[in-house]
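Chain residues, written in single-letter form:
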Amino acid sequence: MADAKVIPFDDDRSRARRRPGRADGEAAAVRALPGPQHGPEEPEGRREARDGLPGSGGGREAGAGAGAEPEAPVVVDAGPGGAAEEGAGGGGWERRLAGGLAFLRRRITGDYEVDEFGYDEELTDQVLMSLLRPLYEKYFRVEVKGVENIPADGGALIVANHSGTVPLDGLMMQVAVHDHHPAGRHLRLLAADLVFVLPIVNELARKAGHTLACAEDAERLLRAGEIVGVMPEGFKGIGKPFGERYKLQRFGRGGFVSTALRAGVPIVPCSIVGAEEIYPMIGNARTLARVLGFPYFPLTPTFPWLGPLGALPLPTKWTIQFGEPIPTDSYAPEAAEDPMLMFNLTDQVREQIQHTLYKLLVQRRSVFF
């Protein structure tokens, strides 16, 4: 099987911190990451015209990459309400079959592209989102509000609460941006080190556009005009007891604010309701967690008592709300070194998320409906 092409951000800068490595022997033919490298000024829509690659997921025609077959433009999945049914008659299945075979041929021959972080836009659009979408639409029935608060072009940092014992909230937020944003933006999530040491999970995370949660990677993505998602609570949020649900944990030292200030991008608060109840954590087997190298080992009313069946999440009803963006471009570059400003902005973001969580909790009719 041939190797995919790698897309580095730039050729004249070496990485000061090593990212999760690519497989040994993979080729490294390159193109620049879409978007400007020194400021989020280029509209997302120009990306397709300039690179010949998909600039957004809006049309779900996600990129064939270099050397793609122009005679097979049909995609494997067209997204919700999209073009999946447009060829229901008159040879539609033949076109879908041809598109699927062309997709498989590109994967087998390595005729597709990934960026330096391992992000595979075509695989994400046509496969990974298709796998997550039934969970998003049918199981959790996610309702999205305020997605228009995410900029149509340029970089932005989405800051969300974290919960649920297993980090499904980040994946659902990624689907929400991908499927509902008017400009079809893609969300690049910052993930913990643990994600990149787990077999299979490591590779899938990189293909989906996730990268290591460090300031350098986040800033480079933001300056390239990408939408970046971060959950500052980390393991403190996702592994908190059920009795502390919807109570935000500490937001670290405010490093995400410093990154947004340096990149000059807005901060978009995001509140997620429904994830707290999918795995009600009533206990923590700390000794077992230390043996396995996990930050916690959850005990829920069903897990591990019911075995594999207990690992199924409860089908709660979710709401994801994106709040009004907080601009940062009015601050001078040296503002990123001002600890008082970082504290104030961090507190402002945290309070906005917490207030929205309480408001959504009052409005919802039930955990499951």
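We now turn to the structure provided with this report. Since the structure is predicted, the reported quantities are computational estimates derived from the model, not experimental observations.

We now examine the packing of helix H3 (residues 121-139) against helix H4 (residues 168-180). It is at 10 Å that the axes of H3 and H4 come closest, and there the two elements cross at 110°. Relative to H4, the element H3 lies roughly perpendicular. H4 is crossed by H3, and the crossing has left-handed handedness. Across the interface between the two elements, Asp125, Met129, Leu132, Arg133, Leu135 and Tyr136 of H3 pack against Leu171, Met172, Gln174, Val175, Ala176, His178, Asp179 and His180 of H4. Per-class residue counts for the contact of H3 with H4 are eight nonpolar, three polar and three charged.

Here we come to the packing of aromatic side chains. Per the stated rule, a full pass over the model turns up four aromatic pairs. Seen from their ring centres, phenylalanine 140 and tryptophan 318 are 4.6 Å apart, and the 25° between their planes marks the pair as stacked. Taken together, the residues phenylalanine 140 in the loop between H3 and strand S3 (143-145) and tryptophan 318 in the loop between strand S10 (298-299) and strand S11 (319-322) connect sequence positions 178 residues apart. The interplanar angle of 75° and the centroid separation of 6.1 Å between the aromatic rings of phenylalanine 251 and phenylalanine 256 together place this pair among those described as edge-to-face. Judged by its relative accessible area of 8%, phenylalanine 256 falls in the buried class. Three or more aromatic residues joined by ring pairs form one cluster here, namely Tyr139, Phe140 and Trp318. Sitting over the ring of tyrosine 112, arginine 107 keeps its end group 3.6 Å from the ring centre. Over the ring of phenylalanine 242 we find arginine 245; its NZ or CZ atom is 4.1 Å from the centre of that ring.

What follows is about the pattern of salt bridges. For the structure on display, the rule yields 12 salt bridges. With its nearest N and O atoms 2.9 Å apart, the salt bridge here joins aspartate 115 to arginine 188. In this pair, aspartate 115 sits in strand S2 (residues 113-115) while arginine 188 sits in strand S5 (residues 187-191), placing the two residues 73 residues apart along the sequence. Arginine 188 shares its class with aspartate 115; the two are buried. Taking the shortest distance from any N to any O, the salt bridge between arginine 262 and glutamate 219 comes out at 3.2 Å. Of this pair, arginine 262 sits in helix H8 (residues 255-263) while glutamate 219 sits in helix H6 (residues 215-223); the two residues are 43 residues apart in sequence, bridging distant segments of the chain. Classification of glutamate 219 by relative accessible area gives buried; the value is 17%.

Rules and cut-offs
Residues numbered from 1 in each chain as written. Predicted model: local features only at pLDDT ≥ 70, side-chain atom pairs only at ≥ 80, totals over all residues. Heavy atoms only, no water. Axes fitted to C-alpha atoms, helices over the stretch in contact; angles between N-to-C directions. Helix = DSSP H or I, 4+ residues; strand = E, 2+ residues; numbered from the N terminus. Parallel < 35°, antiparallel > 145°, perpendicular 65-115°, else oblique. Left-handed = near helix turned anticlockwise from the far one by under 90°. Contact = heavy atoms within 4.5 Å. Nonpolar A, V, L, I, M, F, W, Y, C, P; charged D, E, K, R; others polar. Phe/Tyr/Trp six-rings, centres within 6.5 Å; stacked < 30°, edge-to-face > 60°. Buried < 20%, exposed > 50% of the residue type's maximum accessible area, 1.4 Å probe, protein only. Lys NZ or Arg CZ within 6 Å of the ring centre and 35° of its normal. Salt bridge = Lys/Arg side-chain N within 4 Å of Asp/Glu carboxyl O.

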